[in-house]
Amino acid sequence: ITSTHELLRATSTHLRHMSIPVDRAFVGSVIAHPQVSGMSSIYEHPTGISRDLLVPNEVVARGIHQGDSPIGHALHTNQPLRAQLELGQTFQMQDLMELRESGYTDYVAFPLLLHAEPTGAIAFGTMRGGGFTEQHIDVLEQLTPALSLVIAQKTSERIQMELLQNYLGRDAGKKVYEGRVHRGESQNIRAAILLTDLRGYTLANHRHPPEVILSLL
């Protein structure tokens, strides 16, 4: 398992083998990244969807401060949220209303904690008639602390790899991440090098404050 969405797929499959009817698993994590503030991972059993996505800063900020989604609520309050969708319990959250329309009957979200600090939230949904039983929810809640540690590790690995590839290049970043950085080693590669300059950049630097230049770039 090399990613969070693969972890969700494996966990959901295992839970279904235990007769816990998880049809959807979703994770939202707050991350340290120069361009975005969050990462979401999803696995859906009915559709086979399984992927990780980076989440823009404004979406994460709105979710944390307003708690207008199951993941946002768990992050904002640091408390679980259960929505019995079959009974019409959506709390006027757009995500829950869409899930209900898609046939989901129950949805539960738990905060993810690392060293007692919230790092994200995980949610499980089912299409089973009658939703989750109390026993199902107890198992999911007891599983969350262990998942929190693994999710934190997988998220950190993904961000480290992305940062190295962004600043060093895809190939070089992958090699540094994998530890292939021994002194004296070399490799011949075929490459094209492009050198460019921005017309008027030096003059613009003298005329405008740094924040204006950064926004232009």
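My aim in this report is to walk through the structure given alongside it, one point at a time. Values in this document were obtained by computation on a predicted structure and should not be read as measured data. (Residues numbered from 1 in each chain as written. Predicted model: local features only at pLDDT ≥ 70, side-chain atom pairs only at ≥ 80, totals over all residues. Heavy atoms only, no water.)

**A look at the pairing of strand β6 (residues 117-126)**
For β6, the buried fraction is high: 7 of the 10 residues fall into the buried class. Direction of pairing for strand β1 (residues 24-30) relative to β6: antiparallel, over a ladder of 6 bridges. Along β6, the bridge assignment pairs G28 with A121. In the sheet, strand β5 (residues 106-114) pairs with β6 via 9 bridges, with the strands oriented antiparallel. Among the inter-strand pairings, F110 is bridged to a residue of β6, identified as I122. Joining the antiparallel neighbours β5 and β6 is a turn of 2 residues, in which H115 adopts a positive phi near 55°. (Buried < 20%, exposed > 50% of the residue type's maximum accessible area, 1.4 Å probe, protein only. Helix = DSSP H or I, 4+ residues; strand = E, 2+ residues; numbered from the N terminus. Pairing = 2+ DSSP bridges.)

**With respect to the pattern of salt bridges**
Two side chains of opposite charge can pair, provided their charged atoms sit close to one another. A full pass over the atoms with the stated rule returns 10 salt bridges. D106 is the salt-bridge partner of R82, the closest N and O atoms lying 2.7 Å from each other. With R82 in strand β4 (residues 81-83) and D106 in strand β5, the pair connects residues that are 24 residues apart, well separated along the chain. Note on D106: relative accessible area 1%, which makes it buried. The salt bridge involving K175 is made with D171; its shortest N-O contact spans 3.2 Å. (Salt bridge = Lys/Arg side-chain N within 4 Å of Asp/Glu carboxyl O.)

**With respect to the nonpolar core**
V22, F110, I122, F124, F132, L140 and I151 are the most contacted members of the largest nonpolar core, which has 18 residues in total. The element that contributes the greatest number of residues to this core is helix α5 (residues 134-168), accounting for 4 residues. The residues contacting I151, other than those within four sequence positions of it, are T4, L7, V27, S29, L112 and I122. Counting 16 residues, the second-largest nonpolar core is a separate cluster that includes A74, L81, L85 and Y107. (Core = buried A, V, L, I, M, F, W, Y, C linked by side-chain atoms within 4.5 Å. Contact = heavy atoms within 4.5 Å.)

**Quick notes on the packing of helix α1 (residues 4-17) against α5**
Geometry of a packed helix pair, given as the angle between the helix axes and the separation of the axes. Here α1 crosses α5 at 155°, and the two axes come no closer than 10 Å. Overall, the two elements α1 and α5 adopt an arrangement that is roughly antiparallel. For the crossing formed where α1 meets α5, the hand is right-handed. Side by side, α1 and α5 meet where T4, L7, T11 and L15 of the first sit next to V139, L140, L143, L147, V150, I151, K154 and T155 of the second. Residue composition of the contact of α1 with α5, grouped by class: 8 nonpolar, 3 polar and 1 charged. (Axes fitted to C-alpha atoms, helices over the stretch in contact; angles between N-to-C directions. Parallel < 35°, antiparallel > 145°, perpendicular 65-115°, else oblique. Left-handed = near helix turned anticlockwise from the far one by under 90°. Nonpolar A, V, L, I, M, F, W, Y, C, P; charged D, E, K, R; others polar.)

**Quick word on the sheet that holds β5**
In space, the 6 strands of this open sheet follow the order β3-β2-β1-β6-β5-β4, with antiparallel pairing throughout. Both edges of this open sheet fall to β3 (50-55) and β4, since each of them pairs with a single strand only. On average, each strand axis in the sheet is tilted by 15° relative to the strand beside it, whichever way the strands run. Set on the sheet, α1 makes contact with β1, β2 (38-44), β3 and β6; between it and β2 the angle comes to about 35°. Against the sheet, helix α3 (residues 70-77) makes contact with β1, β4, β5 and β6, and its axis sits at roughly 145° relative to β6, the strand it touches most.

**Re unusual backbone geometry**
In the Ramachandran plot, S19 falls in the positive-phi region, its phi being about 70° despite a non-glycine side chain. By the secondary structure assignment, S19 is in the loop between α1 and β1.

**Observations concerning the side chain of S41**
Secondary-structure assignment places S41 in strand β2. Using a relative accessible area of 1% as the deciding quantity, one classes S41 as buried. One polar contact links S41 to D52, side chain to side chain, over a distance of 2.6 Å. Here S41 is in contact with T4, H5, L8, A25, F26, V27, R51 and D52, once residues within four sequence places are set aside. (Polar contact = N/O pair within 3.5 Å; in protein donor to acceptor, adjacent residues only side chain to side chain.)

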